[in-house]
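Each chain, written out:
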Amino acid sequence: MLVRKMHPSSVLSAPPRAARETTPFTWYVSCGMPAYSALAGVRYDRIFREPEAIVEAYEVGSAKALALFGPDVRYDGPGWSGISYSHVNCLGAPLIFPPDSEVAVRPIHRSLAGGIRALEKSVDWAESGLMPYYLNLWERLREAFPERHIRFQGCGYEGPITTAWELRGHDFFTDAYDDPVAYRTYLTLVTHSIADYTRFIRQLNGEPEFLTTTVSMCDDISAMFSPAHWADWVLPYQEMYFALQGDGPRHAHIEGFVPDHLHFLDELQLSQFDPSVSPRLRATDLRDRCSVPFLWRLNSMQLQDFSAEQIRHYVFSGVAQGASGVFFYIARCTLTPVHVTKIHAFMQAARDVAAQLDAGCPRDRLEE
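In this text the structure is predicted, and so the values were computed from the model without any measurement. (Residues numbered from 1 in each chain as written. Predicted model: local features only at pLDDT ≥ 70, side-chain atom pairs only at ≥ 80, totals over all residues. Heavy atoms only, no water.)

**Topic: the overall build of the protein chain**
So, step 1. Looking only at helices and strands, one finds 16 helices and nine strands in the protein chain.
So, step 2. In summary, the protein chain has a C-alpha radius of gyration of 21 Å against a globular reference of 21 Å for 368 residues, a match within 12%.
So, step 3. C-alpha atoms of the protein chain, sized along the principal axes, occupy 60 × 50 × 35 Å.
So, step 4. Counting over 368 residues, the protein chain shows a buried share of 53%.
So, step 5. The contacts in the protein chain between residues at least 6 apart in sequence include a share of 72% that link residues at least 24 apart.
So, step 6. When the accessible area of the protein chain is evaluated, it comes to approximately 16500 Å², of which 52% is carbon and sulfur surface.
So, step 7. Charged side chains of the protein chain number 33 positive and 44 negative; the gap between the two group centres comes to 1 Å. (Helix = DSSP H or I, 4+ residues; strand = E, 2+ residues; numbered from the N terminus. Rg over C-alpha atoms; globule rule 2.2 N^0.38 Å. Buried < 20%, exposed > 50% of the residue type's maximum accessible area, 1.4 Å probe, protein only. Contact = heavy atoms within 4.5 Å. Areas by Shrake-Rupley, 256 points an atom, 1.4 Å probe, with all protein chains shown as cover. Lys, Arg positive; Asp, Glu negative; His and termini not counted. Charge placed at Lys NZ, Arg CZ, Asp CG, Glu CD.)

Listed below in structure tokens is the structure:
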């Protein structure tokens, strides 16, 4: 794997930051291929690989989704449903496609030494793993929808800690104890590999190699490391991840944080944070223990458990307690008539919050 130097500007200036108190309130609801497949009656695993299934799910499901939820939802597609493990698949990790389920992956590096040797080799991303298949699938979808601009997306990647775990498996959690020198070498190579892969994806889409727009990172596994070890075992590689890719605003999605993790978000100089499903965090923890603007997610489990009134309170209280925005992803399990009604309750609550804030109401005085 060819290791490239960081862009000079990434070490000369800090990325632009957004102040929470001046960040405008935003909200959104997203709907994409998983929901379309359920609405169209197409088995979910088929829309990761089969062009006919993708076309059917999009053409039937997107129309049904629009009829259910209206124009204020962000509708994605057409495309295959997103695979988070395409980068490590190109490095040799096999993908598993269980029936009617998400994609899974198997680790391949049985030792740090073996992983280091493998990552030191250069990679032709276009010819590795299932990438040739997905490049062909992309062409077939562009032919099926010639009137639409279809970006190459859905062959994803993760942050450095999550990627290392995908490649090493659970042994990764003891690597830093067993061989700290090799651990640092391994994480450095992993992080450069991610950056090289993302440059390949951006090249496919005609985008610049080094970004001045937002760089995003999803690194859920990093939350499994104690805050006591973050400064040495996590933070340097997440900083490297951002610096190798661009010098624009930084966004991170990390699930499972505890309050003692939060000050590291400021050290990463994030412009926005998504705690997503983090049951040990309250909005007030994020408000009081870091300065980064954050979005407050209503997740699909909460939607199923909450009443419409509780959902409204969740939106209002989250914003009153510091959230810069709220959002919801429409999942396959949230398409019953009862759940659709609750999604509309979420959207109405978000609209009402926006109206009160636009009228000059302070956040801590919002009226439900």
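**So, the nonpolar core**
So, step 1. In this structure, Trp80, Phe273 and Ile330 are the most contacted members of the largest nonpolar core, which totals 113 residues.
So, step 2. Among the elements that line this core, the one with the most residues is helix H9 (residues 180-204), at 11 residues.
So, step 3. Residues contacting Phe273, with those up to four places away along its chain left out, are Ala252, Ile254, Phe257, Leu265, Leu286, Val292, Pro293, Phe294 and Leu295. (Core = buried A, V, L, I, M, F, W, Y, C linked by side-chain atoms within 4.5 Å.)

**Let's talk about the sheet that holds strand E5 (residues 215-218)**
So, step 1. Here we have three strands laid out as an open sheet, ordered E5-E6-E7, and parallel in their pairing. The sheet terminates laterally at E5 and strand E7 (272-274), the two strands that pair on one side only. Averaged over all adjacent pairs, the angle separating strand axes in this sheet is 15°, with direction ignored. (Pairing = 2+ DSSP bridges. Axes fitted to C-alpha atoms, helices over the stretch in contact; angles between N-to-C directions.)

**Some thoughts on the sheet that holds strand E8 (residues 295-297)**
So, step 1. The four strands lie next to each other as E2-E1-E9-E8, forming an open sheet whose pairing is parallel. Because the sheet does not close on itself, it has two edges, and the strands there are strand E2 (74-75) and E8.
So, step 2. Relative to E2, strand E1 (residues 26-31) runs parallel, the two sharing two bridges. Within the sheet, the bridge partner assigned to Cys31 lies in E2 and is Tyr75.

**Quick word on helix H3 (residues 51-69)**
So, step 1. Between its terminal C-alpha atoms H3 stretches 26 Å, which fits the 27 Å expected from 19 residues at 1.5 Å a residue.
So, step 2. Bending of H3 peaks at approximately 25° at the position of Gly61.
So, step 3. Every buried residue belonging to H3 is among Pro51, Ala53, Ile54, Val55, Ala57, Tyr58, Gly61, Ser62, Ala65 and Phe69, and all of these are buried.
So, step 4. Buried residues along H3 sit against E1, helix H2 (33-40), E2, helix H6 (131-144) and helix H16 (337-358).
So, step 5. The first or second residue beyond H3 is Gly70, which carries a positive phi of 85°. (Expected span 1.5 Å × (residues − 1). Bend = angle between axes of the 7 residues up to and from the residue.)

**Some thoughts on the confidence of the model for the protein chain**
So, step 1. Residues with a pLDDT of 70 or more make up 95% of the protein chain, whose mean pLDDT is 94.
So, step 2. When the criterion is pLDDT under 50, residues 1-13 qualifies, and its contacts beyond four places in sequence or with other chains add up to 26 contacts. (pLDDT = per-residue confidence, 0-100.)

**Section: the packing of helix H7 (residues 160-168) against H9**
So, step 1. H9 packs onto H7 with a crossing angle of 105° between their chain directions and a minimal axis gap of 9 Å. Considering their axes alone, H7 and H9 lie roughly perpendicular with respect to each other. Facing Pro160, Ile161, Thr163, Ala164, Leu167 and Arg168 of H7, the residues of H9 in contact are Tyr183, Tyr186, Leu187, Val190, Thr191 and Ile194. (Parallel < 35°, antiparallel > 145°, perpendicular 65-115°, else oblique.)

**Digging into the side chain of Gln302**
So, step 1. The residue Gln302 is located in helix H14 (residues 300-305) in this model.
So, step 2. A relative accessible area of 18% means that Gln302 is categorised as buried.
So, step 3. Reaching out from Gln302, the side chain makes a polar contact with the backbone nitrogen of Asn299 at a distance of 2.9 Å.
So, step 4. Ignoring sequence-local partners within four residues, the contact set of Gln302 consists of Arg297 and Tyr314. (Polar contact = N/O pair within 3.5 Å; in protein donor to acceptor, adjacent residues only side chain to side chain.)

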